[in-house]
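Okay, here's what each chain looks like letter by letter:
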Amino acid sequence: MKELKRETSMFNLSNSIVFYVIIGSTQDVLKPGYQDNYWQKQLMNFEGNYTVHYISDGPMKLKNVNIDPIIMPIGSNEFTNDRQLCIRTSGTWKHFVQNHPDAKWYYRGTHDSYVNMTAMLIMINELEKQGDPMTTPLMAYNFHEYNHIFYPQGGAGYLFSNYAIKKFYEDVDYFFSACCGSFDDVTLGHFIGERLKFDL
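All of the points below concern the structure found in this document. (Residues numbered from 1 in each chain as written. Predicted model: local features only at pLDDT ≥ 70, side-chain atom pairs only at ≥ 80, totals over all residues. Heavy atoms only, no water.)

## Quick notes on the overall build of the protein
Scanning the protein for helices and strands turns up 7 helices and 10 strands. Every one of the 200 residues in the protein was classed for burial, and the buried ones make up 50%. Residue pairs at least 24 apart in sequence account for 71% of intrachain contacts in the protein once pairs closer than 6 positions are excluded. Surface summary for the protein: the accessible area is close to 10,000 Å², and the carbon and sulfur share equals 49%. (Helix = DSSP H or I, 4+ residues; strand = E, 2+ residues; numbered from the N terminus. Buried < 20%, exposed > 50% of the residue type's maximum accessible area, 1.4 Å probe, protein only. Contact = heavy atoms within 4.5 Å. Areas by Shrake-Rupley, 256 points an atom, 1.4 Å probe, with all protein chains shown as cover.)

## Considering the environment of Asp199
The topology assignment puts Asp199 in the segment after α7 (184–195). Residue class for Asp199 comes out exposed when judged on its relative accessible area of 72%. Asp199 sits 62 residues away from Pro137 along the chain, and the two C-alpha atoms are 8.9 Å apart. Residue contacts for Asp199: discarding those within four places in its chain leaves Met139 and Tyr141.

## Side note on the layout of surface pockets
Space inside the largest pocket adds up to approximately 250 Å³. Of all the secondary-structure elements, those providing two or more residues to the lining of the largest pocket are α4 (117–130), β7 (139–141) and β10 (158–161). The biggest single contributor to the lining of the largest pocket is α4, with 3 residues. When the residues that make up the lining of the largest pocket are grouped by side-chain class, the tally is 11 nonpolar, 3 polar and no charged. (1 Å grid on protein atoms, 1.4 Å probe; cavity = no way out; pocket = protein on both sides within 12 Å on 5 of 7 lines; lining within 4 Å. Points joined across faces, edges and corners; volume = space filled by probe spheres on them. Nonpolar A, V, L, I, M, F, W, Y, C, P; charged D, E, K, R; others polar.)

## Looking at the nonpolar core
By size, the foremost hydrophobic cluster in this structure holds 27 residues, and its most contacted members are Trp93, Tyr106, Phe160, Phe168 and Leu188. When contributions to this core are tallied by element, the ones reaching two or more residues are β1 (16–24), α3 (82–99), β10, α5 (162–170), α6 (172–179) and α7. Top contributing element to this core by residue count: α3, with 5 residues. Sequence-distant contacts of Tyr106, defined by excluding residues within four places in its chain, comprise Val18, Tyr20, Thr89, Thr92, Trp93, Phe96, Tyr158, Leu159, Phe160 and Ile165. One finds Ile17, Ile23, Trp105 and Met120 within the second-largest nonpolar core, a separate group that totals 20 residues. (Core = buried A, V, L, I, M, F, W, Y, C linked by side-chain atoms within 4.5 Å.)

## Observations concerning the pattern of salt bridges
Inspection of every chain in the model, using the stated rule, returns 4 salt bridges. For Asp184, the salt bridge identified is with Arg108, shortest N-O distance 3.0 Å. Of this pair, Asp184 sits in helix α7 while Arg108 sits in strand β6 (residues 105–110), and the two are 76 residues apart along the sequence. Exposure remark for Asp184: the relative accessible area of 7% places this residue in the buried category. The buried category is assigned to Arg108, whose relative accessible area is 2%. Residue Lys167 is joined to Glu170 by a salt bridge in which the shortest nitrogen-to-oxygen separation is 3.0 Å. Taken together, the residues span about one helical turn, with Lys167 and Glu170 both in helix α5 at a distance of 3 residues. By relative accessible area, which is 60% here, Glu170 ends up exposed. (Salt bridge = Lys/Arg side-chain N within 4 Å of Asp/Glu carboxyl O.)

## A few points about the packing of aromatic side chains
Remark: the centre distance and the inter-plane angle together describe each pair of aromatic rings, the angle taken between the planes. One pass over the full model with this rule turns up 14 aromatic pairs. An angle of 55 degrees between the planes, with centres 6.4 Å apart, marks the rings of Tyr141 and Phe160 as tilted. Of this pair, Tyr141 sits in strand β7 while Phe160 sits in strand β10; the two residues are 19 residues apart in sequence, bridging distant segments of the chain. Over the ring of Tyr174 we find Arg195, and its NZ or CZ is 3.8 Å from the ring centre. (Phe/Tyr/Trp six-rings, centres within 6.5 Å; stacked < 30°, edge-to-face > 60°. Lys NZ or Arg CZ within 6 Å of the ring centre and 35° of its normal.)

Structure, rendered in structure tokens:
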């Protein structure tokens, strides 16, 4: 915790991060996730501006704590269905653009994604040396390869700047159409590199 406070002191606290955590279906039996054991505890010592949203199909409990997630998509309980992940990934872009237009950073993970908050703050500092997150497509993720396609691996989570998410959302219909025939994170690699011509 002391390490996070030390790194927080070097972080621009006017910056903001919005976390989107996909936690599946109310019918799922969730294994203990990293968010309640690790990074949410660190957020208690983070003095910056952040918001955490959970994505599911209805109210859920995590470790006996009631949460009221964003319902996405309505009426679905098929977390393992690839199409549902396509809906939820693109849906978080829409929610971010409409509800957090001034937030500088977007993070998307799943309930058991491992987030090292100290490393994330250092990474954000380094990314912001490359450009303004409001006007520059800045990204950080775990790089994987599938069928000769490089992509940001969804289970590990990924971090995108405000500008990147807004550009994603401008072409969200293309992403969703392509995603329904593949996987959400694999499609994202093609979408970023080939469609939008951003450097992966």
